Amino acid sequence: MSARPEALRAAAQADLDRLRARYPAQFRTDWAARARLAAGLGLLVGLAALGAWRLDFSVARILNGLGRLGSFAVLMVPPSPEGQFWTFLHALGETLGIAFLGTLTAAILAFPVAFLAARNVVPNPFAHFAVRRGLDVMRSVDVLIWALIWINVVGLGPFAGALAIACSDFGALGKLFSEAIETCDRRPGEGVVASGGSGLHRIRFGLIPGVLPVLASQVLYFFESNTRSATIIGIVGAGGIGQYLTELIRVLELKQVAFLVLMILVTVAAIDWVSTRLRRALIGPAAR
């Protein structure tokens, strides 16, 4: 039994020697490439060290803070609403409403704009460039910044939060929708045109049926993600459970904080479970 592996090893070594003799350039060590790799890694490490120094990063401070973090963890046990369960539940429902309305509004607005941003629908490079850059501007501003802007425009509350999510997701969904449209199979659209259909018929019967499951899957994913975003923007006054969360943290009501965190975790897990199955049903067996 031991002779066979030895024979295979010898045969492989002999073949390797022949390859080295036949293609010497392929086996020659590229010291220049290794030097570039080492320089790149050194630059990366140097940038990381510079960033840690500029940001006053300190392992000692983290170790010293672990004790205080442990004290907070003890104070959070057991999680308790302390008579505020229905108030917290109402705030959680408000957070879900913010995420749902914001995502739905963004999807409705992004759907027609995505066709203008797709090269296979609008071949004009100037129109395509203008729409794409507009979407880039919308999605480059974080949802928290949009929340601060809309709070100053329409005032505090969930309306500002829904508008913030809609503005942020409009740019992101528009980009994703347009990319899905560009990668869609062109043969159904070409068949519609070949049978006498117009350009609008090509979009309606050739493109939309092919991309609609993908677009719906993306919208479901964004709704799941926006449930967490709605919690964050509530901290700056855009409604929802985030308002209670930040106030309770400030006054160190940590048992109620732990209860709110558990409510958020359960809600996000439930939405993830439902949306995953909906996405699989929309896309089909290939996504399973």
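Note: the structure precedes this text.
Described in the following lines is the structure provided in the data block. If you're wondering where the values come from, they're calculated on a predicted model, not measured in any experiment.

Let's shift gears to the packing of helix H5 (residues 85-117) against helix H8 (residues 158-182). Running from amino to carboxyl end, H5 crosses H8 at an angle of 35°, the nearest separation of the two axes being 6 Å. The way H5 lies across H8 gives a crossing that is right-handed. Class assignment of the residues belonging to the contact of H5 with H8 gives a composition of 20 nonpolar, six polar and three charged.

Positionally, Phe 259 belongs in helix H12 (residues 254-283). Apart from residues lying up to four places away in sequence, Phe 259 is in contact with Pro 79, Ser 80, Pro 81, Phe 85 and Phe 88.

Before going further, it helps to spend a moment on the side chain of Asn 226. Among the structural elements, Asn 226 can be located in helix H10 (residues 199-233). The exposure class of Asn 226 is buried, given its relative accessible area of 4%. Discounting chain neighbours no more than four positions away, the residues touching Asn 226 are Ala 99, Thr 103, Ile 165 and Asp 169.

Turning our eyes to something else, we now look at the nonpolar core. Core analysis: the largest hydrophobic core is formed by 22 residues, its most contacted members being Val 121, Leu 173, Phe 177 and Ile 181. Looking at this core, the elements with two or more residues in it are H5, helix H6 (125-140), H8 and H10. Ignoring anything within four residues of it in the chain, the contact list for Phe 177 reads Ala 107, Ala 110, Phe 111, Ala 114, Leu 215, Gln 218 and Val 219. Among the nonpolar cores identified, the runner-up in size contains 14 residues, and Ile 98, Ala 99, Ala 162 and Ala 230 belong to it.

This paragraph deals with H6. Working note: α-helix, 3.6 residues per turn, so residues spaced by three or four point in the same direction. For H6, built from 16 residues, the straight-helix expectation of 22 Å at 1.5 Å per residue is met to within 8% by its first-to-last C-alpha distance of 22 Å. Listing the buried residues of H6 in full gives His 128, Val 131, Arg 132 and Leu 135. Taken end-on, H6 shows its buried residues confined to a sector of 100°, consistent with a single buried face. Exposed and facing more than 90 degrees away from the buried side of H6 are Phe 126, Val 137 and Ser 140. The inward-facing, buried residues of H6 contact H5 and H8.

What counts and how
Residues numbered from 1 in each chain as written. Predicted model: local features only at pLDDT ≥ 70, side-chain atom pairs only at ≥ 80, totals over all residues. Heavy atoms only, no water. Axes fitted to C-alpha atoms, helices over the stretch in contact; angles between N-to-C directions. Helix = DSSP H or I, 4+ residues; strand = E, 2+ residues; numbered from the N terminus. Left-handed = near helix turned anticlockwise from the far one by under 90°. Nonpolar A, V, L, I, M, F, W, Y, C, P; charged D, E, K, R; others polar. Contact = heavy atoms within 4.5 Å. Buried < 20%, exposed > 50% of the residue type's maximum accessible area, 1.4 Å probe, protein only. Core = buried A, V, L, I, M, F, W, Y, C linked by side-chain atoms within 4.5 Å. Expected span 1.5 Å × (residues − 1). Arc of directions from axis to C-beta.

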